[in-house]
Amino acid sequence: MPSAAPASSPTADFGPALLEAVGIHTFYGASHILHGVDFRIGPGETVGLMGRNGMGKSTLIRSMLGIVPVREGRILAGGQDLTGRPSYQIVRTGIAYVPEGRGIFGNLSVRENLVMSARPAPNGSTDWTLDRVLATFPRLAERLGQAGDQLSGGEQQMLAIGRALMTNPLLLVLDEATEGLAPLIRKEIWRIVRLVRDTGIATLIVDKNVAAVSAITDRNVILVKGTVVFEGASAELDAQPDLKHRYLGV
Amino acid sequence: MSFDVFADPAIFLVQLLNATQQGLLLFLIASGLTLIFGIMGIINLAHGSFYMVGAYAAYAVAEATGSFWLALPIGVAAGIALGYVLERLLFRFFYERDHLYQVLLTFGLILIFEEVRGMMFGEDTHRALTPEALDFSIPLLGVQSYPAYRLAISVICLLVALGLYLLISRTRLGMMIRAGAYNREMVQALGINITFVYAAVFGLGTGLAALAGLLEAPVASVEPGISGRYLIISFVVVVIGGIGSVKGAFYGALLIGFVDTFAKVIVPEAAGMSVYLLMAAVLLWRPTGLFGRPA
Ligand SMILES: Nc1ncnc2c1ncn2[C@@H]1O[C@H](COP(=O)(O)OP(=O)(O)OP(=O)(O)O)[C@@H](O)[C@H]1O
Ligand SMILES: [Mg+2]
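Positions within a chain are numbered from 1, following the residues in the order the chain's sequence is written. Whichever chain is written first is A, and whichever ligand is written first is 1; the rest continue in order. Local features in this predicted model are restricted to residues of pLDDT 70 or higher, and side-chain atom pairs are both shown and tallied only at a pLDDT of 80 or more, whereas totals for entire chains, interfaces and linings draw on every residue. Each side-chain value is derived from all of the structure's non-hydrogen atoms; neither hydrogens nor water enter the calculation.

### What to know about the overall build of chain A
Stage number 1. Here a strand is any run of E in DSSP of at least two residues, a helix any run of H or I of at least four, and the numbering for each starts at the N terminus. Looking only at helices and strands, chain A features 10 helices and 10 strands.
Stage number 2. Taken over C-alpha atoms, the radius of gyration is set against a globule rule of 2.2 Å times the number of residues to the power 0.38. Against the compact-globule benchmark of 18 Å for 250 residues, chain A has a radius of gyration of 17 Å, which places it among compact chains.
Stage number 3. With the C-alpha coordinates of chain A rotated into their principal frame, the extents come out at 45 × 40 × 35 Å.
Stage number 4. Type-normalised accessible area, obtained with a 1.4 Å probe on protein chains alone, sets the label of each residue: buried when under 20%, exposed when over 50%, and partly exposed for intermediate values. Expressed as a percentage of the 250 residues in chain A, the buried residues total 55%.
Stage number 5. Whether two residues are in contact is decided by their heavy atoms, any of which lying within 4.5 Å being enough. Long-range contacts, defined here as pairs at least 24 residues apart, represent 69% of the contacts in chain A between residues at least 6 apart.
Stage number 6. Surface exposure of chain A reaches about 10,000 Å², of which carbon and sulfur atoms provide 52%. Only the protein chains shown count as cover for residues, and all accessible areas are computed by the Shrake-Rupley method using a 1.4 Å probe.

### With respect to the coordination of the magnesium ion (ligand 2)
Residues and elements named next belong to chain A.
Stage number 1. The donor set comprises N, O and S atoms within 2.8 Å of the metal, extended to 3.2 Å for Na, K and Ca; water molecules are omitted, so apparent gaps in a site may simply reflect that omission. At the metal site, the magnesium ion (ligand 2) is ligated by Ser58 (OG) and Glu100 (OE), and these contacts range over 1.9 to 2.6 Å. Here Ser58, found in helix H1 (residues 57–64), pairs with Glu100, found in the loop between strand E6 (95–98) and helix H3 (110–115); they are 42 residues apart in sequence, far enough to count as distant.
Stage number 2. Exposure remark for Ser58: the relative accessible area of 17% places this residue in the buried category.

### Quick notes on the site of ligand 1
Residues and elements named next belong to chain A.
Stage number 1. When at least one non-hydrogen atom of a residue lies within 4 Å of a molecule or strand, that residue is treated as near it. Close to ligand 1 lie 13 residues; Gly54, Lys57, Ser58, Thr59 and Glu100 are nearest.
Stage number 2. Within 3.5 Å is the distance limit for a polar contact, defined as a pair of N or O atoms, with the added protein rule that one can donate a hydrogen and the other accept it, and that residues adjacent in sequence qualify only through two side-chain atoms. One of the side-chain nitrogen or oxygen atoms of Lys57 is found 2.9 Å away from an oxygen atom of ligand 1.
Stage number 3. Glu100 has a polar side-chain atom sitting 2.7 Å from an oxygen atom of ligand 1.
Stage number 4. In the complex, 60% of the free accessible area of ligand 1, which totals 630 Å², lies under the protein chains.
Stage number 5. Looking at the shell around ligand 1, the element that brings in the most residues is H1, giving 3 residues.

### Considering the packing of aromatic side chains
Residue and element names in this part refer to chain B.
Stage number 1. Here a pair means two rings of Phe, Tyr or Trp (six-membered ring of Trp) with centres within 6.5 Å. Their orientation is stacked below 30 degrees between planes, edge-to-face above 60, and tilted elsewhere. Under the defined criterion, the tally for this structure stands at 15 aromatic pairs over all chains.
Stage number 2. Taken together, a centroid distance of 5.6 Å and an interplanar angle of 45° make the contact between Phe6 and Phe12 tilted.
Stage number 3. Here Phe6 falls in the partly exposed class, since its relative accessible area comes to 46%.
Stage number 4. We classify Phe12 as partly exposed; its relative accessible area is 27%.
Stage number 5. Between Tyr95 and Tyr198, the aromatic rings sit 5.1 Å apart at their centres with planes inclined by 80°, giving edge-to-face as the arrangement. Taken together, the residues span a long stretch of sequence, with Tyr95 in the loop between helix H3 (68–89) and helix H4 (99–121) and Tyr198 in helix H8 (residues 194–216) at a distance of 103 residues.
Stage number 6. Under the relative-accessibility criterion, Tyr95 is labelled buried at 12%.
Stage number 7. Residue classification places Tyr198 among the buried residues on the basis of a relative accessible area of 2%.

### Description of the packing of helix H10 (residues 246–266) of chain B against helix H11 (residues 271–285) of chain B
All names here are of chain B.
Stage number 1. Running from amino to carboxyl end, H10 crosses H11 at an angle of 150°, the nearest separation of the two axes being 8 Å. Accordingly, the angle class assigned to the pair H10 and H11 is roughly antiparallel. Once H10 is placed against H11, the crossing between them reads as right-handed. For the pair formed by H10 and H11, the contact residues are Leu255, Ile256, Val259, Asp260, Ala263 and Lys264 on the first element and Ala271, Ser274, Val275 and Leu278 on the second.
Stage number 2. Here the contact of H10 with H11 is composed, by residue class, of 7 nonpolar, 1 polar and 2 charged. Here, axes are lines fitted to C-alpha atoms. For helices the fit covers the stretch in contact, and angles between N-to-C directions go from 0 to 180 degrees. Orientation categories follow fixed angle ranges, with anything under 35 degrees roughly parallel, anything over 145 roughly antiparallel, 65 to 115 roughly perpendicular, and all other angles oblique. Left-handed describes a crossing whose near helix is turned anticlockwise from the far helix through less than a right angle; right-handed describes the clockwise counterpart. Here the term charged refers only to Asp, Glu, Lys and Arg, the term nonpolar to Ala, Val, Leu, Ile, Met, Phe, Trp, Tyr, Cys and Pro, and the term polar to all other amino acids, Gly among them.

### Remarks on the side chain of Lys57 of chain A
Residues and elements named next belong to chain A.
Stage number 1. Mapped onto the secondary structure, Lys57 falls in helix H1.
Stage number 2. By the counting scheme adopted, Arg and Lys are positive, Glu and Asp are negative, and His together with the chain ends is not counted. Any Lys or Arg side-chain nitrogen found within 4 Å of a carboxyl oxygen on Asp or Glu counts as a salt bridge. Salt bridges are absent for the buried Lys57, whose nearest opposite-charge side chain, Glu176, sits at 4.6 Å.
Stage number 3. Within the structure, the side chain of Lys57 is placed 2.9 Å from the backbone oxygen of Gly51, a separation counted as a polar contact.
Stage number 4. Setting aside residues up to four positions removed in sequence, Lys57 forms contacts with Leu49, Met50, Gly51, Arg52, Glu176, Val206 and Leu223.

### Some points on the pairing of strand E1 (residues 19–28) of chain A
Stage number 1. Each pair of strands is called paired provided DSSP finds at least two bridges between the two strands. Of the strand pairs in this sheet, E1 of chain A and strand E2 (residues 31–41) of chain A are connected by 8 bridges, and their pairing is antiparallel. Each bridged residue has a counterpart across the sheet, and for Thr26 of chain A the counterpart in E2 of chain A is Leu34 of chain A.

### What to know about the layout of surface pockets
All names here are of chain B.
Stage number 1. Buriedness for pockets is judged along seven lines, at least five of which must meet protein on both sides within 12 Å for an open set on the 1 Å grid over protein atoms alone, while cavities are sets there where a 1.4 Å probe fits but cannot get out, and lining residues have an atom within 4 Å of a point. Grid points are joined across faces, edges and corners, and a volume is the space filled by probe spheres set on the points. Approximately 1,000 Å³ is the volume attributed to the largest pocket.
Stage number 2. Forming the boundary of the largest pocket are 33 residues, of which Arg178, Gly244, Ser245, Val246 and Lys247 lie nearest the centre.
Stage number 3. Every element with two or more residues in the lining of the largest pocket is listed here: helix H1 (9–40), helix H5 (148–170), helix H6 (172–182) and H10.
Stage number 4. Ranked by residues supplied to the lining of the largest pocket, first place goes to H5 with 6 residues.
Stage number 5. For the lining of the largest pocket, a count of residues per class yields 20 nonpolar, 9 polar and 4 charged.

### Observations regarding the sheet that holds E6 of chain A
All names here are of chain A.
Stage number 1. What the 6 strands build is an open sheet, ordered E6-E7-E8-E3-E9-E10; its pairing is mixed. Two strands bound the open sheet, and with one partner strand each, they are E6 and strand E10 (227–233). Neighbouring strand axes in the sheet, compared pairwise and without regard to direction, differ in orientation by 15° on average.
Stage number 2. Bridge count between strand E9 (residues 219–224) and E10: 6 bridges; the pairing is antiparallel. Bridge pairing in E10 links Arg219 to Ala233.
Stage number 3. Along the sheet, helix H6 (residues 153–165) makes contact with E6 and strand E7 (171–175), crossing E6 at roughly 170°.

### Looking at the interface of chain B and chain A
Stage number 1. Across the contact, 17 residues belong to chain B and 24 residues belong to chain A.
Stage number 2. For the chain B and chain A pair, buried surface summed over both sides reaches about 1,900 Å², with 60% attributable to carbon and sulfur atoms.
Stage number 3. At the boundary of chain B and chain A, one finds 2 salt bridges.
Stage number 4. Glu185 of chain B is paired through a salt bridge with Arg62 of chain A; the nearest N and O atoms lie 3.0 Å apart.
Stage number 5. At the boundary of chain B with chain A, the tally comes to 10 residue pairs in polar contact (both at pLDDT 80 or more).
Stage number 6. Counting only elements with at least two residues in the side of chain B that touches chain A, the list comes to H6 and helix H7 (184–189) of chain B.
Stage number 7. Per-element tally for the side of chain B that touches chain A: the top contributor is H6 of chain B, with 6 residues.
Stage number 8. When the residues that make up the side of chain B that touches chain A are grouped by side-chain class, the tally is 9 nonpolar, 5 polar and 3 charged. The term buried area refers to how much accessible surface (probe radius 1.4 Å) is lost by two components on association, counted for both of them together.

So, in structure tokens, the structure goes:
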């Protein structure tokens, strides 16, 4: 596993993909949301997934994780074709998901939220233990016995990330991890995302703050109405303000 | 109306023990029902059929082997296995369906269970042997005495309730069960095979109902139609306790055991209504039941 994300170009060879979508089409009922999307993320890579509201970022993530079915195309994870498989099989290849809205179990304690789904990495390593997660998120350590729905938004977000790390992932998927949080908490979340990235865990980041995302990603993908319209290194994106303006409204 | 029951402490104590035993047995049935309803969202009208399976298992095994204690594990295993298999074969296809489909499916199952029971055991009324070691009475305050086996029922039920409490509050399976009731998609997205959890919950619930049938078989008749004996009342317990809450089922079942038992001796004319009045009162006070999560 690479020790840190290299500041490299998108053409760098990251090895076989941890998670990959090949030409996927996803529908919600009759509405066609994803129109033949290709996406891949390899070991140790940090990728930003961008796009305005409703462009299909969350849908792409949920399709790749097997939470919503794809009608066409393939999903590969951990080197296997897992198209159509239930999400638990896909994530067991080493993927941890921090969903939009955090998905905390409000009726479980903080401790239970962390340990319920804990597991070793696919290769058996257990780098992330309860102690390490609590050392990373000291605020959670103070609230171990509290119910999940009694935490503040920022604490819930930390819990969602801590819970994800407890599965010892190779890939961490963060969908809007700073949404609705106070500036100081956002900074804290970004600090932790960097810290996680620096341990060599690949990260897929969706966030409204384009500058903050491109500051830590190797590569970025922009979705417009369920189609990939740009894919390139962060420097490449930063060099094209018109692109950002057109597709992201910044 | 007659309050004589309070005049004689011995009679009062007997009623108290009866109420406890009835409430605890009801808990065994309702706890499974509330789990199945609260977690998978399945309305299982056939839940009482598993009570029947337990009762007939107690009768048949005890008859064949002479040992009631042998019937217990066999009957419970049958209840668990049957629930597990039906979950895999049938119920899992009905999670996302409207409740009407579930009602039709499980009503159909009741009829099938009854038919099979008729083919295997006929229409006679039976009773399982009381386990020999417990076939005596314990003297209570003066002239009253109380059958030891009935006390044993309460003790066993309490132990099961304790075990269930520990399972749900302390184990990872328990966490998955509770988390699944809250957000099943997220449980799955964290790498947990929720279908396994569901099948386990189903088997657990039906095993508990079978256990209730087994335990009661020596003190209540084993006869056609007993699958309906506790069905309605256990739904009342689920509603009173709060859907999905095992703790709620425990207090709800005891409450009903007490109200029903004492209503029968105090106001026999209106006893049939008492538990429904209780339910209405609880729902007026707390619309989601005693321990139900506010919607
Ligand atoms: N469960 C659903 N049923 C029907 N349509 C949906 C559903 N979820 C999302 N959509 C629609 O699909 C489209 C893509 O939504 P998606 O949530 O993937 O976008 P997004 O890029 O993540 O947006 P946001 O930035 O708001 O999170 C939107 O038009 C949305 O309204
Ligand atoms: Mg989204």
